[in-house]
Amino acid sequence: MSGRLLRSVCTAALAAATTVAAVPAAPAADDPAAGTPTPAPAPPTTVSGMLTALQTLYRQVEEAGETYNATEEELNKQRARTARLARELAGARNAVVAARGEAGRLAREQYRGQSELSSYLWLLLARNPKQALDQDHLMERAAAGRLATMAGLEAGAKRAARLAAASRKALDRELTLATKQKEARDNATARLKDVEKMLASLSADEIAEVAALERSNAAKAQEKLLASGVLDGRRTPTRKGERALEYAVEQIGKPYVWGAEGPRSYDCSGLTSQAWAQAGREIPRTSQEQWAQLPKVSLRSLRPGDLVIYFPKATHVAIYLGNGMVVQAPRPGTKVKVSPIAANPLLGAVRPDPGGSPLSTYTPPRLPKGAAAGPDHGYSAAEAPDTSAK
């Protein structure tokens with residue numbers, strides 16, 4: 001990361017905080033009060049400390065983004081459930097009103113002597129027994145219909161009551177999620193401001209030293225992973241994996257934006273979910289759900305098109321390009337780019353199309369100029385787990 005580019009992240013982070021109002025952030029691990037940002041620690045005095053502090057902030061910001069994405073998905077689903085229950089409740093109430101109207105009509109007919117009861121008494125006095133029996137059969141049918149009307153009224157009233165309770169509960173859940181979303185947004189804004197303050201506090205010499213240490217740490221992590229041999233061998237994607245990769249490569253150079261899923265900008269999981277959607281495979285929206293729901297594969301079996309998941313909480317994701325590289329949307333202030341697979345601490349990998357057959361021949365997509373330019377990561381190399389056995 002050049003000094004000029006690192007300084008530009010400051011501006012981008014501040015812009016993100018002011019222009020993307022819907023960005024949430026999860027409370028820090030040591031903060032028991034949701035929505036209450038943990039105060040920023042004292043500024044570090046060593047280059048290593050500066051890098052760790054800066055990258056920790058980036059990681060917290062990205063965790064916030066994935067928390068927001070998950071909350072937004074849940075809120076959208078809850079709004080749909082609330083609307084569906086409201087429609088069902090309205091229909092049930094209309095049915096009860098209609099049933100009550102019918103019950104009232106029956107009561108009025110009974111009162112006026114127009115019911116089957118008075119007709120039945122008349123039939124008992126009829127001189128023609130056969131006619132009486134025929135009419136009696138019709139009366140029984142009419143009485144059964146009226147009993148059904150009353151039973152339907154009772155059942156409809158109970159259903160309306162159940163739906164009313166469910167609708168109230170659904171609305172309460174929707175309001176709870178909306179509150180959680182607002183608290184997360186406020187926390188995210190505070191975290192982005194912490195990033196901006198941290199960057200603004202660095203001198204030109206410190207920026208250069210931090211950038212050099214960041215590159216060194218990433219190179220060491222990548223070298224260690226490649227030396228383990230887990231990525232050796234010829235690997236090809238499936239047809240859908242190839243299409244997902246083509247789409248991801250086409251997005252290189254577009255900015256990272258909170259909660260974005262294209263076509264002008266992306267966050268990390270917005271890029272991977274849209275790439276696979278373009279390939280005809282719908283996958284979960286967030287990196288956590290991608291990790292939780294998609295079949296896991298070892299790095300020894302990793303093939304182009306698979307998704308690489310990062311950090312212990314599965315808060316970052318990239319799509320594997322091959323030859324130890326991934327396509328990703330790294331963090332605020334960056335653009336979609338090609339990065340070393342070990343630029344962030346690996347958690348594991350998942351496969352969106354486990355039943356697909358790898359292509360017999362494969363030519364990787366042509367990369368645009370500058371595809372690997374810019375920062376790749378946001379962590380301290382000391383946090384990276386040992387991936388040699390994966």
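This text follows the structure it describes.
Residues numbered from 1 in each chain as written. Predicted model: local features only at pLDDT ≥ 70, side-chain atom pairs only at ≥ 80, totals over all residues. Heavy atoms only, no water.

Draft legend 1. Main features of the pattern of salt bridges. Per the counting criterion, the structure on display carries seven salt bridges. Measuring nitrogen to oxygen at the nearest pair gives 3.6 Å for the salt bridge that ties Glu 246 to Arg 243. Remark: Arg 243 and Glu 246 occur in helix 6 (residues 239–250); sequence separation between them is three residues, near one turn of the helix. A salt bridge links Glu 261 to Arg 285; its shortest N-O distance comes to 3.5 Å. Pair noted here: Glu 261 is in the loop between helix 6 and helix 7 (268–278) and Arg 285 is in the loop between helix 7 and helix 8 (287–293), with a separation of 24 residues, a long-range link. Under the relative-accessibility criterion, Glu 261 is labelled partly exposed at 35%. According to the relative accessible area criterion, Arg 285 is buried, its value standing at 7%. (Salt bridge = Lys/Arg side-chain N within 4 Å of Asp/Glu carboxyl O. Helix = DSSP H or I, 4+ residues; strand = E, 2+ residues; numbered from the N terminus. Buried < 20%, exposed > 50% of the residue type's maximum accessible area, 1.4 Å probe, protein only.)

Draft legend 2. Broad picture of the packing of aromatic side chains. Applying the stated criterion across every chain yields a total of zero aromatic pairs. Cation over ring: Lys 296 sits above Trp 291, and NZ or CZ is 4.4 Å from the ring centre. (Phe/Tyr/Trp six-rings, centres within 6.5 Å; stacked < 30°, edge-to-face > 60°. Lys NZ or Arg CZ within 6 Å of the ring centre and 35° of its normal.)

Draft legend 3. Fine view of the nonpolar core. By size, the foremost hydrophobic cluster in this structure holds 44 residues, and its most contacted members are Ile 252, Trp 276, Leu 307, Ile 319, Val 327 and Val 336. Top contributing element to this core by residue count: helix 2 (residues 47–111), with six residues. In this structure, Val 336 is in contact with Ala 248, Gln 251, Ile 252, Gly 253, Lys 254, Tyr 266, Leu 271, Val 327, Gln 328 and Ala 329, ignoring residues within four places of it in sequence. Formed by 17 residues, the second largest nonpolar core is a distinct cluster that contains Leu 231, Leu 299, Leu 302 and Phe 311. (Core = buried A, V, L, I, M, F, W, Y, C linked by side-chain atoms within 4.5 Å. Contact = heavy atoms within 4.5 Å.)

Draft legend 4. Representation of helix 6 within the structure. Between its first and last C-alpha atoms helix 6 spans 17 Å; for 12 residues at 1.5 Å apiece the expected length is 16 Å, and the two agree. For helix 6, the set of buried residues is Gly 241, Glu 242, Ala 244, Leu 245, Tyr 247, Ala 248 and Val 249. Next to the buried residues of helix 6 lie helix 7, strand 3 (316–322) and strand 4 (325–328). (Expected span 1.5 Å × (residues − 1).)

Draft legend 5. Quick peek at the sheet that holds strand 2 (residues 307–310). Taken in spatial order, the six strands make up an open sheet running 1-6-2-3-4-5, and their pairing is antiparallel. Both outer strands of the open sheet, strand 1 (296–297) and strand 5 (337–340), are each paired with one neighbouring strand and no more. Summarising the sheet, strand 3 and strand 4 pair through three bridges and their orientation is antiparallel. Within the sheet, the bridge partner assigned to Ile 319 lies in strand 4 and is Val 327. Contacting strand 3 and strand 4, helix 6 runs over the sheet at an angle of about 110° to strand 3. (Pairing = 2+ DSSP bridges. Axes fitted to C-alpha atoms, helices over the stretch in contact; angles between N-to-C directions.)

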